[in-house]
Amino acid sequence: AIASRSAKAVKALLSGTDGVYLDVETTGVNWDDEVIEIAILDDDGEVLFDSLIRPTSRSSISKEAKLVNKISKRMLKKAPTWETVYPQLKELLRGKVIRTYNADFDKRLLQQTCKAWDLPIFRNQFSCIMKAYALHAGHFKSRSGDYKWWQLNDITFWVYPDCRVKGRRHRALTDCREA
C-alpha cells in the first residue's frame with residue numbers, strides 16, 4: 001500500500017513538466033497580507049531568485065508573522081517592491097510548474113500580492129509537496145477525509161534529517177531548499 005501511495009505522490013508532484021521550487025514569507029495569513037520574501041530554486045537546487053520584498057504601504061507585518069519569520073519592517077526598508085521584481089519573476093516562472101510546500105497558501109499569497117500591486121496574477125500550475133508527502137506517509141484522518149498534513153520542519157527534523165539544511169527556519173530560501 002505504501003509503495004502505491006508513494007508512486008501516486010511522486011507522480012502528482014513531478015507532473016512531467018519543467019518546474020521550479022518556490023517558497024514565500026508573508027506579512028501574515030489573512031486575505032489582505034502580502035509576500036515579503038521569495039526564493040526560487042531550479043531542479044538542481046540552484047538559486048534562481050532570493051529576495052526580501054517591500055510590501056505596499058497598506059500592509060504591515062503581523063506580530064504572529066514577525067515571531068515566525070523574524071522579518072522586520074526595518075529589514076524591508078531598502079528591499080525592492082513587488083512591482084520592481086515582478087517582470088523578473090514572471091520570466092523565471094514562465095511555463096514552469098511551481099512546486100511548493102503548502103501550494104494553496106503560497107498561490108493565494110502570490111495572487112494577493114499581485115492584486116495589491118495591480119499586476120496580472122501568475123497562471124502557473126502548482127504542485128503541492130505537503131499534500132504529496134501526506135499521501136506518501138498515509139496517515140488518514142477519517143474526520144477530515146484526508147491525509148494528515150505535516151509541517152515541513154517536523155519532516156526534516158524527525159523523518160528526513162538528511163534533508164535539513166543550515167539556515168534560518170521559516171525563511172524562504174531555507175524552506176525552499178528543504179522542500
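The present account deals with the structure reproduced in this document. (Residues numbered from 1 in each chain as written. Predicted model: local features only at pLDDT ≥ 70, side-chain atom pairs only at ≥ 80, totals over all residues. Heavy atoms only, no water.)

1. Regarding helix H5 (residues 103-116)
1) Next: Taking 1.5 Å of rise per residue, 14 residues should cover 20 Å, and H5 covers 20 Å from first to last C-alpha, within 8% of that figure.
2) Next: Ala103, Phe105, Asp106, Arg108, Leu109, Leu110, Gln112, Thr113 and Cys114 are the residues of H5 that are buried.
3) Next: Downstream of H5 by a residue or two, aspartate 118 has a phi angle that is positive, lying close to 55°. (Helix = DSSP H or I, 4+ residues; strand = E, 2+ residues; numbered from the N terminus. Expected span 1.5 Å × (residues − 1). Buried < 20%, exposed > 50% of the residue type's maximum accessible area, 1.4 Å probe, protein only.)

2. Observations regarding the pattern of salt bridges
1) Next: Throughout the structure, instances matching the rule amount to four salt bridges.
2) Next: Salt-bridge contacts for lysine 96 lead to aspartate 18; the nearest nitrogen and oxygen are separated by 3.4 Å. You can see lysine 96 sitting in the loop between helix H4 (82-93) and strand S4 (97-100) and its partner aspartate 18 sitting in the loop between helix H1 (2-14) and strand S1 (19-26), a full 78 residues away along the chain.
3) Next: Taking the shortest distance from any N to any O, the salt bridge between arginine 94 and glutamate 91 comes out at 2.7 Å. (Salt bridge = Lys/Arg side-chain N within 4 Å of Asp/Glu carboxyl O.)

3. Describing the side chain of arginine 108
1) Next: Structurally, arginine 108 can be placed in helix H5.
2) Next: Of the side chains bearing the opposite charge, aspartate 33 lies closest to the buried arginine 108, which forms no salt bridge; the N-O distance is 6.6 Å.
3) Next: At a separation of 3.2 Å, a polar atom in the side chain of arginine 108 contacts the main-chain carbonyl oxygen of asparagine 30.
4) Next: Excluding its chain neighbours within four sequence positions, the residues that come into contact with arginine 108 are Val29, Asn30 and Trp31. (Lys, Arg positive; Asp, Glu negative; His and termini not counted. Polar contact = N/O pair within 3.5 Å; in protein donor to acceptor, adjacent residues only side chain to side chain. Contact = heavy atoms within 4.5 Å.)

4. What to know about the environment of alanine 103
1) Next: Residue position: alanine 103 is located in helix H5.
2) Next: The spatial distance from the C-alpha of alanine 103 to the C-alpha of leucine 22 is 9.3 Å, given a sequence separation of 81 residues.
3) Next: For alanine 103, the residues in contact, after removing those within four places along its chain, are Phe126, Ser127 and Cys128.

5. Side note on the side chain of serine 51
1) Next: Relative to the elements of secondary structure, serine 51 occurs in strand S3 (residues 47-52).
2) Next: Those residues in contact with serine 51 that sit more than four places away from it in its chain are Ile36, Glu37, Ile38 and Pro80.

6. Description of the sheet that holds strand S5 (residues 126-128)
1) Next: Read from one edge of the open sheet, five strands run S3-S2-S1-S4-S5, paired in mixed fashion. With one partner strand each, in any of the chains shown, S3 and S5 form the two edges of the open sheet. Within the sheet, the average angular offset between the axes of one strand and its neighbour, ignoring direction, is 25°.
2) Next: Sheet topology places S1 next to S4; three bridges connect them, and they run parallel. Looking across to S4, one finds that tyrosine 21 is bridged to arginine 99.
3) Next: Contacting S1, strand S2 (35-41), S4 and S5, H5 runs over the sheet at an angle of about 70° to S1. (Pairing = 2+ DSSP bridges. Axes fitted to C-alpha atoms, helices over the stretch in contact; angles between N-to-C directions.)

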